[in-house]
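Structure at a glance
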Amino acid sequence: MTLTQTSPVALVTGAADGIGWAIARRFAQAGCRVVLADLDGGRAADRAASLGPGHGALQVDVAEEAATVAMVAAALARTGRLDILVNNAGIGDSHRPTLEQDVASFDRILRVHLDGTFVASREAARAMAGRGGAILNLSSIAGITGLPRRNAYGAAKAGIIALTRSMACEWAGSGIRVNAVAPGYVGTALVAGLEAAGRLDRARLERRIPLGRLAEPAEIAEAAWFLCSPAASYVTGAVLSVDGGWSAFGDAGAASGEA
Ligand SMILES: NC(=O)c1ccc[n+]([C@@H]2O[C@H](COP(=O)([O-])OP(=O)(O)OC[C@H]3O[C@@H](n4cnc5c(N)ncnc54)[C@H](O)[C@@H]3O)[C@@H](O)[C@H]2O)c1
């Protein structure tokens with residue numbers, strides 16, 4: 001697709017891998033100029049180059065306020081506009097029993113997910129005010145239901161839902177829509193890491209999911225594109241579950257699939 005200076009600009013954090021990379025591809029396919037921001041700046045640059053001319057990459061640690069402010073400023077300086085922000089960068093929980101979890105690891109998870117989403121959204125909203133835009137946040141089933149050994153991750157993802165709703169109400173008058181997706185289990189490096197550590201029993205998990213399988217990253221990207229596209233012009237403050245029916249399943253006795 002030919003991109004021009006008037007093509008919408010989408011800034012996607014955590015875009016070098018997994019769901020973020022699938023979102024970057026989907027938004028590029030839809031005609032956006034995509035800025036891929038990631039802790040792994042080299043990989044983000046390779047990914048951006050593979051999308052073709054008109055796309056770019058930035059290195060960032062979204063847990064750091066100054067770096068996140070600089071990320072939005074750099075994206076704006078390069079492209080001259082910002083239409084879409086996707087707050088996707090994330091890390092897994094320590095998976096230690098809560099009784100053994102320390103404040104440092106708890107805090108790091110909150111900073112990446114919650115502070116990162118807050119700061120990037122604040123900066124993007126400054127840029128979008130007056131001309132409108134869309135912000136999409138990555139929550140999780142862990143922010144909606146309880147999962148053991150996920151206290152920091154669950155708190156961060158529940159906090160992201162609260163942030164989404166609050167910002168949506170506050171910025172609606174500026175033409176900025178703010179929504180969230182809440183994926184279930186997605187086949188990415190994050191989940192592969194859990195599996196490799198013996199923390200996740202895939203067969204049990206698949207029996208717990210009504211659709212009987214994990215999601216593909218591209219399936220989350222489709223929901224992300226819908227919420228950021230003009231097709232969702234009357235949708236704001238929404239949390240869209242993309243979880244194969246996980247959160248709809250009322251069998252409280254069913255095993256979660258996690259060891
Ligand atoms: N995989 C799942 O099952 C699942 C389910 C629900 C929600 N999510 C959420 O979706 C998002 C993406 O998850 P994923 O599975 O694709 O993860 P992933 O580990 O495959 O990819 C995450 C990307 O984010 C980057 N990143 C990590 N910390 C960062 C930081 N501080 N600053 C900038 N970039 C950083 C990584 O370098 C990586 O490229 C996360 O917010 C995650 O919590 C994932």
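The protein chain appears in an unreviewed UniProt entry as Dihydroanticapsin 7-dehydrogenase from Methylobacterium crusticola. In its Sequence similarities (unreviewed entry) section, the UniProt entry covering the protein chain states "Belongs to the short-chain dehydrogenases/reductases (SDR) family."

A short note on the site of the ligand
Close to the ligand lie 30 residues; Asp38, Asn88, Tyr153, Val186 and Thr188 are nearest. Here a nitrogen atom of the ligand sits 3.2 Å away from a polar atom, N or O, in the main chain of Leu39. One of the backbone N or O atoms of Asn88 is found 2.8 Å from an oxygen atom in the ligand. In the complex, 92% of the free accessible area of the ligand, which totals 830 Å², lies under the protein chains. The set of elements that each furnish at least two residues to the shell around the ligand consists of helix 1 (18–29), helix 4 (103–128), helix 5 (151–171) and helix 6 (189–196).

Concerning empty space enclosed by the protein
What the rule picks out here adds up to one cavity of 30 Å³ or more. Its boundaries defined by the atoms lining it, the largest cavity holds a volume of some 40 Å³. Contributing to the lining of the largest cavity are Thr13, Val62, Asn87, Asn88, Ala89, Val112, His113, Gly116, Thr117 and Ala120. If you tally residues by element for the lining of the largest cavity, the top one is helix 4, at five residues.

Remarks on unusual backbone geometry
The backbone of Arg149 shows a phi angle near 60°, a positive value even though the residue is not glycine. With respect to the secondary-structure elements, Arg149 resides in the loop between strand 5 (133–138) and helix 5. For Arg149, a relative accessible area of 24% translates into the label partly exposed.

A word on the layout of surface pockets
There is about 840 Å³ of room inside the largest pocket. If you trace the largest pocket, you find 41 residues lining it, with Asn88, Ala89, Gly90, Ile91 and Leu190 closest to the centre. Counting only elements with at least two residues in the lining of the largest pocket, the list comes to helix 1, helix 4, helix 5 and helix 6. Examining the composition of the lining of the largest pocket, we find that four residues originate from one element, helix 6, more than from any other. The wall of the second largest pocket is formed by Pro8, Asp83, Ile84, Gly132, Gly133, Ala134, Gly175, Arg177, Trp225, Cys228, Ser229 and Pro230.

So, the environment of Leu240
Within the element layout of this structure, Leu240 appears in strand 7 (residues 239–242). Between the C-alpha atoms of Leu240 and Asn179, which are 61 residues apart in sequence, the distance is 8.0 Å. Setting aside residues no more than four positions away along its own chain, Leu240 makes contact with Ala180, Val181, Ala182, Ala223 and Leu227.

With respect to the environment of Leu190
Note that Leu190 resides in helix 6. Leu190 sits in the partly exposed class, given a relative accessible area of 39%. Residues Leu190 and Ile91, spaced 99 residues apart in sequence, show a C-alpha to C-alpha distance of 7.4 Å.

With respect to the sheet that holds strand 5
Ordered in space as 3-2-1-4-5-6-7, the seven strands form an open sheet in which the pairing is parallel. The outermost strands of the open sheet, each flanked by one partner alone, are strand 3 (56–59) and strand 7. Sheet twist, expressed as the average angle between the axes of neighbouring strands with direction ignored, equals 20°. Relative to strand 4 (residues 84–87), strand 1 (residues 9–13) runs parallel, the two sharing three bridges. Bridged to Val12 within strand 4 is Val86. Sheet contacts for helix 3 (residues 65–79): strand 1, strand 2 (33–38) and strand 3; angle to strand 3, the most-contacted strand, approximately 155°. Against the sheet, helix 4 contacts strand 4, strand 5 and strand 6 (176–183), and its axis sits at roughly 180° relative to strand 4.

The rules behind the values
- Residues numbered from 1 in each chain as written.
- Predicted model: local features only at pLDDT ≥ 70, side-chain atom pairs only at ≥ 80, totals over all residues.
- Heavy atoms only, no water.
- UniProt positions renumbered as here; feature names shortened; annotations may be inferred.
- Near = heavy atom within 4 Å.
- Polar contact = N/O pair within 3.5 Å; in protein donor to acceptor, adjacent residues only side chain to side chain.
- Areas by Shrake-Rupley, 256 points an atom, 1.4 Å probe, with all protein chains shown as cover.
- Helix = DSSP H or I, 4+ residues; strand = E, 2+ residues; numbered from the N terminus.
- 1 Å grid on protein atoms, 1.4 Å probe; cavity = no way out; pocket = protein on both sides within 12 Å on 5 of 7 lines; lining within 4 Å.
- Points joined across faces, edges and corners; volume = space filled by probe spheres on them.
- Buried < 20%, exposed > 50% of the residue type's maximum accessible area, 1.4 Å probe, protein only.
- Contact = heavy atoms within 4.5 Å.
- Pairing = 2+ DSSP bridges.
- Axes fitted to C-alpha atoms, helices over the stretch in contact; angles between N-to-C directions.

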